[in-house]
Amino acid sequence: LRPNYMRTEISGGAYGYLYSNISGAITRNGLSVLAAGSVRRSDGYIENTDFNNSNLFTRITYTSSSAGLFDMQAGYQRRDFGSNGFYSLSFPDQFEHTETALASVKWNRSFGRFTLNANASYRKNNDRYELYRGGKGAPEGWTPNYHTTDNAGASISAAFRWAAGETSAGADYRYHHIYSNVLGDLLTHPIRVPGADAFYTHEKGRNIFNGWLSHRVRLGGTSLAGSANLAGSPYGTFPSWSLSVTQQITKGWSADANATRSMRLPTFTDLYYTNATHIGNPDLKPEHAMTYRVGTRYHAGRFQAALSGYYRHGRDIIDYVQTETPEGMKWKSTQLTELDTYGIEMQASYRGRRILRHITVSYGWMSSSKAAADHITKYALDYMKHKAAVQCGIDIGKGFAAEVTASWYCRNNTPDTAYAPYWLLDARLSWSRGVFSVYAEATNLLDTKYYDFVGLIQPPRWITAGVVLTI
């Protein structure tokens, strides 16, 4: 959108859907202020899938030749939603309420060949999860799960451009903390949950440090880049790195390759979450992975295409596996010995000038294999193996335009016919003139019956329409 504008949108449709948004920006003498707010709600496409969301966001940037660039952002989000049986089909009355507030500030300043960067951020999230919505049908003594998390971070870095390329170095610090009545270590003195007749009985915090050094250089038609990182956490120190090369073959045609060593810390949920269907594991360690990717890109005029392949070798991958307990089968957080993932991604697109505005064809394939016991896993081996899509934009004329997307999905490891491959067709018809735009859109236009990986049926045909005013 433009540096100075005002935009409002309202739409509604099936299943009690309603959405409204207002946003605007103003720019004067290096200062730019953007603000936006929206609400979105629905009665749900099946029982207990209703939701009510609201968002507020603002961004302020200021650019000065002497002081540099300042970028400040702040936001707030509130969500109430029925999650039916998303976490477990045995409990179809689950409900969740979340509130999130976040803020960040960034600074950038160049001094000749030097560039300095600094930023700080903070995010607070409150969550109330109800296995029994409103307590209906709950056993005696049941209480919702309450969590409040604080995530703070800061970083500083410097870059230097010289004859051999660009070298940069930096460091960052992150702090993660949670109060909960189910996650973390037991508190000596419980803390009352604000606005609720409940107490936080557990907490956990951790400090994470990172330091890195990177360099990139261009030698004729070849670009090289490399980085090294050292992370410190309660789990010890872990070195990681990345290397990449891009080769310009001919005009419009290039090839690239990269390798990356990475690490992921277990979340507080992975470590501690235990309920009627899940068992936590406080002894989890970080998971590690090596990822290799090669690809090629080509563009000529209005046509462009890309093809890439990747291989990821993961160790100590965190996942939930089915475990038999005295109470029955439960999902337990554990670590697979190894997990190898292979994939291919392809995309080709063409931008037209008249009736055909654009057409894009894409395809992705992924396959994973594990070297571990014969577990039934919840996430690692239940994934979308094939996905193909065709997206087409048409300029009908006299302000009318249409967008149509056809997608085909095939899930892995699903002998159940409920997970058979399926097609989805989405369409949008719009009319624009001056500052006004009117549209109607439909998702799952063919009313295909399909399921999420946990077995929860997904939305049928859903039609909405709206009006947009932009000044």
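Residues numbered from 1 in each chain as written. Predicted model: local features only at pLDDT ≥ 70, side-chain atom pairs only at ≥ 80, totals over all residues. Heavy atoms only, no water.

1. Observations concerning the layout of surface pockets
Heads up, the rule is: The distinction between a cavity and a pocket rests on a 1 Å grid over the protein atoms alone: a 1.4 Å probe fits inside a cavity but cannot get out, while a pocket stays open yet meets protein on both sides within 12 Å along at least five of seven lines, and a residue with an atom within 4 Å of a point counts as lining. Grid points are joined across faces, edges and corners, and a volume is the space filled by probe spheres set on the points. Numbering of helices and strands starts at the N terminus; helices are DSSP runs of H or I of at least 4 residues and strands are runs of E of at least 2.
Of the voids in this model, the largest pocket is the one considered here, and its volume is about 750 Å³. Around the largest pocket, the lining comprises 28 residues; the ones closest to its centre are Glu 96, His 147, Leu 183, Thr 267 and Thr 269. At the level of secondary structure, the elements contributing two or more residues to the lining of the largest pocket comprise strand 6 (94–111), strand 7 (114–130), strand 8 (145–162), strand 9 (165–180) and helix 1 (268–272). Top contributing element to the lining of the largest pocket by residue count: strand 8, with five residues.

2. So, the pattern of salt bridges
Quick reminder of the rule: For this document, the term salt bridge refers to a Lys or Arg side-chain nitrogen within 4 Å of an Asp or Glu carboxyl oxygen. Only protein chains enter the accessibility calculation, which uses a 1.4 Å probe. A residue is then buried if its area is under 20% of the maximum for its type, exposed if over 50%, and partly exposed in between.
What the rule picks out here adds up to 15 salt bridges. Among the salt bridges present, the one from Glu 287 reaches Arg 264, with a minimum N-O distance of 3.0 Å. Note that Glu 287 is positioned in strand 16 (residues 287–300) and Arg 264 in strand 14 (residues 253–264), a separation of 23 residues in sequence. Judged by relative accessible area, which is 33%, Arg 264 ranks as partly exposed. Shared partners join several salt bridges into a network, and the residues in it are Arg 78, Asp 80 and Glu 99.

3. Topic: the side chain of Ser 155
Cut-off, in case you're wondering: The definition of a polar contact used here is a pair of N or O atoms within 3.5 Å, where within protein one atom must be able to donate a hydrogen and the other to accept one, and adjacent residues in sequence count solely through side-chain atom pairs. Between two residues, a contact is recorded if the distance between any of their heavy atoms is within 4.5 Å.
Along the chain, the position of Ser 155 falls in strand 8. Here Ser 155 falls in the buried class, since its relative accessible area comes to 19%. A distance of 2.7 Å separates a polar atom in the side chain of Ser 155 from a polar atom in the side chain of Asn 119. What Ser 155 contacts, discounting residues up to four positions off in sequence, is Asn 117, Ala 118, Asn 119, Ala 171 and Asp 172.

4. What about the environment of Asn 21?
Topologically, Asn 21 is positioned in strand 2 (residues 17–28). Assessed through its relative accessible area of 13%, Asn 21 is described here as buried. Placed 202 residues apart in sequence, Asn 21 and Ser 223 show a C-alpha to C-alpha distance of 43 Å. Those residues within four positions of Asn 21 in sequence are excluded, and the remaining contacts are Arg 7, Thr 8, Glu 9, Gly 37 and Ser 38.

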